[in-house]
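Inside the fold
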Amino acid sequence: MHWAPFKRFVLDWSAAPKYFWRNKNPTEPRLQNEGSPPLVQQNFVLQQDNEITEHPPPAHGFQLKDGFADYKSQNEEAGRLKKTCQPKSHIVFLKTHKTASSTIQNILYRYGESRGLTFAFPRNKHNQLFYPGYFDRRYVNGVESKLLKTFDILCNHMRFRKPEVKKLMPQDSFYFSIVRNPVAMMESLYIYYKYLGVFRRTKSLEDFLDNGQNILSLLDNYAHNNLAFDFGFDNTATADTPDLETIVNEVITGIEQDFHLILITEYFDESMILLKHTLCWSLEDVVSFKLNSRHDQSRKSMSQITAEKIKRWNILDWRIYEHFNATFWHKVRSLVGEEEMKREVSQLKELQAKLTSICLEGGEAVNPRLIRDEAVMPFQSGTAVIQGYNLNRNLDIQTKTKCQRLIMPELQFTKLLYEKQFPETALKVVNKRRRWN
């Protein structure tokens, strides 16, 4: 166990409850839809964290020079779009839990760092914006001291509250998030947060579903409709709640009003291509390696009975997922097209394969006990075994730096960028913590 990141995790939780209790309910009203949102019938299949679906073989016409050259598109429509839209650099990403959001945050960190953009970081080098309390711009470093007047990217964990975010971020900011099948998500949450709250008082996920629901506290947000909670809504509804349809309509309407795009974890590659088109970014901007993913030894199989119990218990999350899974494919067809999507997903996978051969020793993630470099060791939580990477040896300095950024875990990358953006504040925090110790 590496205690430095664990200390930072505990600091966030120790500061959060007073804000959570004070700000339990959002202050802004939510409008309601007329009638229920469209549903998509799905059969549940438990997938791995960040699991990527199968796709056709890579398309031709994709070139790399030394692995990091610009992508050269052979598609005329892509070239036309490049001329008519400008890359977006004002971005709000709601980082939801156990949805591949750490991988997306890494993409945003790399994009912002390479272009000198400013990040809205939590105060005092925390990793979360006083989650599970509602977002307040006073939680952002540099606001009260007026070190920074404008911010480009907001992407750390928070409980979303649009009016407060709008006070901080530019008016033209692009808002997006990602959701995951709540059944697989619940299994991952239970393993990752096993030693927190109600989870630590139950023997298994099945035991929690059968016996743990009656001992929930207000701070057990991970244990019940965590997606709805992160989006800023009350998370207490179940399948037996009398006014469920009204609540579901309110939640989905609120999300659609607040966000331009909702991505889907189970279609991560397709999500990255859709994000690329909507932000007018390049293929290299959205390439990534999976971060914060679990080793197979910490995965648990699940029966269909357990899956159905999770759906009923997390009914708000299930309905959010169903709705935005449907709208996701509408956006794919209208903004990209199915054939172009297949082509660009293949190109993205080819680029990832090129970078894997350049950067990664062994070409895959490894058990944390096999990681050589402490600087890229992922934080271990609960009973999860979080994998990491070893870089190839003898990389030149420039290539090694780019490869390190691709594999850098959330805590380390946040610390690095924070210290670059606020060098004097970072030094004061370090000195203060030394006095505490």
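Structure: see above.
Below: a short report on this structure. Predicted model only: the values in this text are computed from it and were never measured. Chains are numbered independently. Their residues run from 1 in the order of the written sequence. In keeping with the model being predicted, local features are shown solely for residues with a pLDDT of at least 70 and side-chain atom pairs are shown and tallied solely at 80 or more, while totals for entire chains, interfaces and linings include all residues. Side-chain descriptors were evaluated using all non-hydrogen atoms of the structure, hydrogens and water having been removed beforehand.

**As for the nonpolar core**
If you look at the biggest cluster of nonpolar residues, it comprises 116 residues, and the most contacted ones within it are F176 and F208. Only DSSP runs of H or I covering at least 4 residues are called helices, and only runs of E covering at least 2 are called strands; the numbering of each starts at the N terminus. No other element matches helix α12 (residues 315-336), which puts 9 residues into this core. Note on contacts: a residue pair qualifies if any of its non-hydrogen atoms lie within 4.5 Å across the two residues. With residues up to four places along the chain from it excluded, the contact list for F208 reads M186, Y190, V198, F199, T202, Q213, L216, A223 and W313. The definition of a nonpolar core used throughout is a set of buried Ala, Val, Leu, Ile, Met, Phe, Trp, Tyr and Cys residues joined through side-chain atoms within 4.5 Å. Buried residues are those whose accessible area, probed at 1.4 Å on protein chains only, stays under 20% of the maximum for their type, while exposed residues exceed 50% and partly exposed ones sit between those limits.

**Comments concerning the pattern of salt bridges**
Any Lys or Arg side-chain nitrogen located within 4 Å of an Asp or Glu carboxyl oxygen qualifies as a salt bridge. Taken as a whole, this structure holds 21 salt bridges when the rule is applied. The partner of K342 in a salt bridge is E339, with the nearest N and O atoms 3.8 Å apart. Of this pair, K342 and E339 both sit in helix α13 (residues 338-359), 3 residues apart, which is roughly one turn of the helix. For E339, a relative accessible area of 53% translates into the label exposed. Residues E419 and K415 are paired through a salt bridge, measuring 2.9 Å at the closest nitrogen-oxygen approach. Taken together, the residues span about one helical turn, with E419 and K415 both in helix α15 (residues 410-421) at a distance of 4 residues. What makes E419 partly exposed here is its relative accessible area of 26%. Among the charged side chains, a network of salt bridges with common partners joins E113, R405 and K420.

**What to know about the sheet that holds strand β4 (residues 261-264)**
A sheet is described by the order of its strands in space; here 4 strands give the open sequence β2-β1-β3-β4, paired in parallel fashion. Of all the strands in the sheet, just β2 (153-154) and β4 have a single pairing partner and so form its edges. Examined bridge by bridge, strand β1 (residues 91-94) and strand β3 (residues 174-179) share 4 bridges and lie parallel to one another. Paired with F93 across the bridge in β3 is F176. Here the axes come from fitting lines to C-alpha atoms, over the contacting stretch only for helices, and the angles between their N-to-C directions go from 0 to 180 degrees. Each of β3 and β4 is contacted by α12, which is oriented at about 105° to β4, the strand it contacts most. Here the rule is simple: two strands pair whenever DSSP picks up at least two bridges between them.

**Re unusual backbone geometry**
Cis geometry marks the peptide bond from Y131 to P132, where omega comes out at 15°. When you line up the elements, P132 lands in the loop between α3 (101-114) and β2.

**Section: the pairing of β4**
Here β4 shows no split at all, with L261 and L263 on one side and I262 and I264 on the other all buried. Pairing of β3 with β4, which is carried by 4 bridges, proceeds in the parallel orientation. The residue bridging V179 from the neighbouring strand is I264, located in β4.

**Describing the state of the cysteines**
Disulfides are defined as pairs of cysteine sulfur atoms found within 2.5 Å of each other. For the structure shown, the criterion picks out 2 disulfides. Bridging C85 to C280, the disulfide has an S-S length of 2.0 Å. Looking down the S-S bond of the C85 and C280 bridge, the torsion is -135°, so its handedness is left-handed. Of this pair, C85 sits in the loop between α2 (76-84) and β1 while C280 sits in the loop between α9 (268-279) and α10 (283-286), placing them 195 residues apart in sequence. Put simply, C359 and C403 are joined by a disulfide, and their sulfur atoms are 2.0 Å apart. With the S-S bond torsion at -70°, the cross-link from C359 to C403 turns out left-handed. Here C359 is found in helix α13, whereas its partner C403 is found in helix α14 (residues 397-407), with 44 residues between them in sequence. A single burial state applies to C359 and to C403, both of which are buried.

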